[in-house]
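The lines below spell out each chain.
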Amino acid sequence: MKRRCAVTGAGGYVGSRIVRHLRAHDWDVLELTRRCDAGRPAAMSYSLESGISREALQGIEALVHCAYDFRPLARQDIWRVNVEGAARVFDAACLAGVKRIVCISTISAYDGCRSLYGKAKLAIEQDALKAGGIVVRPGLVYGKDAGGMLGALNRVMASAKVVPLIGDGSWTMYLAYEDDLCNLVGRLCDPNGGRLPRVITAAASQGKSFRKLLAELAQAQGNHPVFIPVSWRCVWLGLRVLETLGIRAGFRSDSVLGLVYPVPQPSFSELREIGVTFRAFDPRLL
């Protein structure tokens, strides 16, 4: 009999990759997603605001919480949707007797972080830990046909001849290949996996400057753009003005804070403890 796992945010980039990996490793996966259709018979309608009942999680051995709604911009709305929504799904999992909870957070969540995204993820982590869960803090996730920020940057760097560079581009990025992340999550989902660290930073230990990352993305696609430094404060303020006017740009002001105030010194000791490695960034894997 197959083991059963539920994945929230299964329609997103990271969630969909985790679903695919788990199914390839003999898990019966319940996709919890806003987008349900006839082509996804193992999917259930789910949103952070509506939550899920304990009955829907009966018989589930592991829950992977990937869902996060980026549409709210104000702090109170972010907490109402994402933080309170995560707490509800963790409560339902505990009541249903789910044996293993894995919370997908972010490397941007650390004590003293500046971005609302990082702070919200920290709050979600606390609820996950209270429920007995394991927290995974991935770096910038990439892979074939990547979504998220890395996918967007890769598309821009394919053809842009002039690239505005936020600040001097020296901000350190840590990257996580999607297959490595999925292998880690699959291992953590196993209720018989033994004692594991409670919080795990999931990325290659070799950091890369933002400018170097952009240059490598461009070079891999035969492009050689000119970088023009722009004050990050000007970029942040411009995006804030647009957001106040209700205009959505391709980049959020909060993401600027996450970029220019990265985690100072991430620890990878937990990965070494469990014998898991993340490969160094390779743009050819995109």
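Conventions and cut-offs
- Residues numbered from 1 in each chain as written.
- Predicted model: local features only at pLDDT ≥ 70, side-chain atom pairs only at ≥ 80, totals over all residues.
- Heavy atoms only, no water.
- Helix = DSSP H or I, 4+ residues; strand = E, 2+ residues; numbered from the N terminus.
- Rg over C-alpha atoms; globule rule 2.2 N^0.38 Å.
- Buried < 20%, exposed > 50% of the residue type's maximum accessible area, 1.4 Å probe, protein only.
- Contact = heavy atoms within 4.5 Å.
- Areas by Shrake-Rupley, 256 points an atom, 1.4 Å probe, with all protein chains shown as cover.
- Lys, Arg positive; Asp, Glu negative; His and termini not counted.
- Charge placed at Lys NZ, Arg CZ, Asp CG, Glu CD.
- Phe/Tyr/Trp six-rings, centres within 6.5 Å; stacked < 30°, edge-to-face > 60°.
- Lys NZ or Arg CZ within 6 Å of the ring centre and 35° of its normal.
- Patch = residues over 30% accessible without salt bridge, like charges linked within 9 Å, V, L, I, M, F, W, Y side chains within 5 Å.
- Salt bridge = Lys/Arg side-chain N within 4 Å of Asp/Glu carboxyl O.
- Axes fitted to C-alpha atoms, helices over the stretch in contact; angles between N-to-C directions.
- Parallel < 35°, antiparallel > 145°, perpendicular 65-115°, else oblique.
- Left-handed = near helix turned anticlockwise from the far one by under 90°.
- Nonpolar A, V, L, I, M, F, W, Y, C, P; charged D, E, K, R; others polar.
- Pairing = 2+ DSSP bridges.

Visitor: What exactly am I supposed to notice about the overall build of the protein here?
Guide: Per the secondary structure count, the protein includes nine helices and 13 strands. Taken over C-alpha atoms, the radius of gyration comes to 19 Å for the protein, in line with the 19 Å a tight globule of 286 residues would show. Sorting the 286 residues of the protein into buried and exposed places 52% on the buried side. Considering only intrachain contacts with a sequence separation of at least 6, the fraction spanning at least 24 residues in the protein is 77%. Here the protein displays about 13600 Å² of accessible surface, and carbon together with sulfur accounts for 51% of that area. Positive and negative side-chain charges of the protein, numbering 37 and 26 respectively, have mean locations separated by a distance of 3 Å.

Visitor: What is the right way to read the packing of aromatic side chains from this model?
Guide: Two descriptors summarise a pair of aromatic rings, namely the distance from one centre to the other and the angle between the planes of the rings. Tallied over the entire structure, the rule returns seven aromatic pairs. With centroids separated by 5.9 Å and ring planes inclined at 50 degrees, the aromatic side chains of Tyr 174 and Phe 268 adopt a geometry described as tilted. With Tyr 174 in the loop between β9 (172-173) and β10 (175-177) and Phe 268 in the loop between α8 (253-260) and α9 (269-274), the pair connects residues that are 94 residues apart, well separated along the chain. You can call Tyr 174 buried: its relative accessible area is 14%. Given the relative accessible area of 10%, Phe 268 is considered buried. Among the aromatic side chains, those forming a connected cluster through ring pairs are Tyr 68, Phe 70 and Tyr 117. Over the ring of Trp 79 we find Arg 75, and its NZ or CZ is 3.8 Å from the ring centre. Taking NZ or CZ as reference, Arg 114 lies 4.0 Å from the ring centre of Tyr 261, over its face.

Visitor: How should a nonpolar patch on the surface be read in this particular structure?
Guide: A cluster of nonpolar side chains, contributed by Leu 237, Val 241, Leu 245 and Ile 247, occupies part of the molecular surface with about 380 Å² of accessible area. You can see Leu 237 is positioned in helix α7 (residues 232-244).

Visitor: I keep staring at the packing of helix α4 (residues 148-157) against helix α6 (residues 210-220) and nothing clicks. Help me out?
Guide: Angle between the axes and distance between the axes: these two values describe a pair of packed helices. It is the contact of α4 with α6, at a shortest axis distance of 8 Å, that shows an interaxial angle of 60 degrees. On the basis of their axis angle, the class for α4 and α6 is oblique. Note on packing geometry: the crossing formed by α4 with α6 is right-handed. Judged by residue contacts, Leu 150, Leu 153, Asn 154 and Met 157 of α4 engage Phe 210, Leu 213, Leu 214, Leu 217 and Ala 218 from α6. For the contact of α4 with α6, the per-class residue count stands at eight nonpolar, one polar and no charged.

Visitor: Sorry if this is basic, but what is going on with the pattern of salt bridges here?
Guide: With the rule as written, the count across this model stands at 15 salt bridges. Note that Glu 31 and Arg 23 form a salt bridge whose closest N and O atoms lie 2.9 Å from each other. Between Glu 49 and Arg 80 there is a salt bridge; the shortest N-O distance is 2.8 Å. Taken together, the positions of Glu 49 in the loop between β3 (43-45) and β4 (62-65) and Arg 80 in helix α2 (residues 75-96) put the pair 31 residues apart, joining distant regions of the chain. For Glu 49, a relative accessible area of 45% gives the class partly exposed. Residues joined in a network through salt bridges with shared partners are Arg 17, Arg 20 and Glu 178.

Visitor: Looking at this model, I keep getting lost on the pairing of β4. Mind explaining?
Guide: Walk down a regular strand and you will see the side chains alternate between the two sheet faces. Alternating positions in β4 separate into two faces, Ala 62 and Val 64 on one and Leu 63 and His 65 on the other, with burial throughout. Here strand β1 (residues 3-8) runs beside β4; their pairing, made up of four bridges, is parallel. From the neighbouring strand, Thr 8 faces β4, where its bridge partner is His 65. As paired elements, β4 and strand β5 (residues 100-104) share four bridges and run parallel to each other.

Visitor: It is not clear to me how unusual backbone geometry should be interpreted in this structure. Could you clarify?
Guide: Peptide bonds are, in most cases, trans, and in most cases residues other than glycine have a negative phi. Here Asp 26, not a glycine, exhibits a phi torsion of approximately 70 degrees, which is positive. Looking at the element boundaries, Asp 26 is found in the loop between α1 (13-24) and β2 (27-33). A residue is classified by how much of its surface remains accessible, and Asp 26, at 46% relative accessible area, is partly exposed. Residues other than glycine seldom take positive phi values, yet Asp 145 does so here, at roughly 55 degrees. In this structure, Asp 145 sits in the loop between β7 (140-142) and α4.

Such coordinate-based values are descriptive only and should not be taken to indicate function.
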